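If you want the building blocks of each chain, they are given just below.
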Amino acid sequence: MTSSHADCHFCLQSLRGRKYALREENAYCVPCYDSLYANPCEECKQPIECNSKDLAYKGRHWHEGCFRCAKCSRSLVEKPFAAKDEVLLCTECYSDEYSSKCFHCQKTIMPGSRKMEFKGNSWHESCFVCQYCRQPLGTKPLITKDNENYCVPCFEKQFAHHCYACKKVIISGGVTYHDQPWHKECFVCAGCKTQLSGQRFISKDEYPYCVDCFSKFYAKKCAACKKPITALGGAKYISFEERQWHGECFNCAKCSVSLVGQEFLTLQDDILCHKCGSA
């Protein structure tokens, strides 16, 4: 601006016929204005004079020609840019240095675009899809198999087993019995309904029983101690004329010597060693 009648507010010299700048309604000659108010350039550290364009970002200032990418030196004037540790970078350089790579396509996820994160990895929103139906997963429930993500309906359709007892899908874990899958909570004793997963059990007519129920319903009773003979764990038992004994109970009724593997005699309901039976 030029004036033919005002004086500089600072040095009081006439501004007649000279360029001047206004600040808070006061007129200043150009030298005074620059010395008092010009911002230093972040790049070259020189003052940004009133006849130069002052580009500002977060309280810092640059000459128009100094407003450049710190890595490739391309001008950032009227172009998108990003800041990292107070350093300005064009979006391409920022992406190369700092942006995440998509786990699926391995391309850079550009600043400002939506990024999906799951199990420590990042995806473009358009890449984060069900491996089977290719529909976006977004924030929907999903299941991962062999590093691929599936929506729940597709996973169930493609991979899930159905429990032999309740017919519902087994998402994880489970028990296999007679080549059939079961939920752990569905694999129970056919008698008392106690869960058998991780427990000892005995099969009868294709049904599993806990040891107590099997002994109660099916096990033969020892002729000596009257307790069930389950043969659990491979325990030996002796059978003679429709009677059974635990191996440790098959003893002479008089002298209590073990008769396992020995000759013995019977006297009514008793079994006797050869010596006691001959006496």
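For the protein chain, an unreviewed UniProt entry supplies the name Four and a half LIM domains protein 5 and the organism Cnemophilus loriae. Listed under Subcellular location (unreviewed entry) in UniProt, the entry text for the protein chain is "Nucleus". Check the Subunit (unreviewed entry) section of the UniProt entry for the protein chain; it says "Interacts with CREM (via the third LIM domain). Interacts (via second LIM domain) with SPAG8."

Asker: Tell me what's going on with the layout of surface pockets, and back it up with residues and numbers.
Answerer: Looking at the largest pocket, its volume works out to about 190 Å³. Considering the residues around the largest pocket, the lining is formed by 13 residues, among which Glu 43, Trp 62, Arg 68, Ala 70 and Leu 88 are closest to the centre. At the level of secondary structure, the elements contributing two or more residues to the lining of the largest pocket comprise strand 5 (60-63) and strand 7 (87-90). Its residues assigned to classes, the lining of the largest pocket shows seven nonpolar, one polar and five charged.

Asker: Please provide a residue-by-residue account of the packing of aromatic side chains, values included.
Answerer: Counted by the stated rule, this structure contains 22 aromatic pairs. Geometrically, the ring pair formed by Phe 67 and Phe 81 is edge-to-face, given 5.4 Å between the ring centres and 85 degrees between the ring planes. Taken together, the residues span a long stretch of sequence, with Phe 67 in the loop between strand 5 and strand 6 (81-84) and Phe 81 in strand 6 at a distance of 14 residues. The class for Phe 81 is partly exposed, based on a relative accessible area of 27%. Ring pairing ties together the aromatic residues Tyr 164, Tyr 177, Trp 182, Phe 187 and Phe 201, which thus form one cluster. Directly above the aromatic system of Phe 159 lies the positively charged group of Lys 145, at a separation of 5.2 Å from the ring centroid. One Lys or Arg, Lys 167, reaches over the ring of Tyr 164 and ends 4.9 Å from the middle of that ring.

Asker: Help me get a handle on the UniProt feature "domain: LIM zinc-binding" (unreviewed entry) in the protein chain, residues and values and all.
Answerer: Listed under "domain: LIM zinc-binding" (unreviewed entry) in the UniProt record, and renumbered for this structure, are residues 39-99, 100-161 and 220-279. As annotated, residues 39-99 comprises 13% helix and 26% strand, and the C-alpha atoms at either end are separated by 32 Å.

Asker: Account for the domain arrangement of the protein chain, with residues named and values stated.
Answerer: The domain architecture assigned to the protein chain consists of domain 1 (38-96), domain 2 (160-218) and domain 3 (220-278). Between domain 2 and domain 3, the C-alpha centre-to-centre distance is 34 Å.

Asker: Describe helix 1 (residues 30-37), naming the residues involved and giving the relevant values.
Answerer: Residues of helix 1 that are buried: Cys 32, Tyr 33 and Asp 34. Looking at the packing, one finds that the buried side of helix 1 touches strand 2 (18-23) and strand 3 (26-29).

Conventions we followed
Residues numbered from 1 in each chain as written. Predicted model: local features only at pLDDT ≥ 70, side-chain atom pairs only at ≥ 80, totals over all residues. Heavy atoms only, no water. UniProt positions renumbered as here; feature names shortened; annotations may be inferred. 1 Å grid on protein atoms, 1.4 Å probe; cavity = no way out; pocket = protein on both sides within 12 Å on 5 of 7 lines; lining within 4 Å. Points joined across faces, edges and corners; volume = space filled by probe spheres on them. Helix = DSSP H or I, 4+ residues; strand = E, 2+ residues; numbered from the N terminus. Nonpolar A, V, L, I, M, F, W, Y, C, P; charged D, E, K, R; others polar. Phe/Tyr/Trp six-rings, centres within 6.5 Å; stacked < 30°, edge-to-face > 60°. Buried < 20%, exposed > 50% of the residue type's maximum accessible area, 1.4 Å probe, protein only. Lys NZ or Arg CZ within 6 Å of the ring centre and 35° of its normal. Domains from an automatic or database assignment. Contact = heavy atoms within 4.5 Å.

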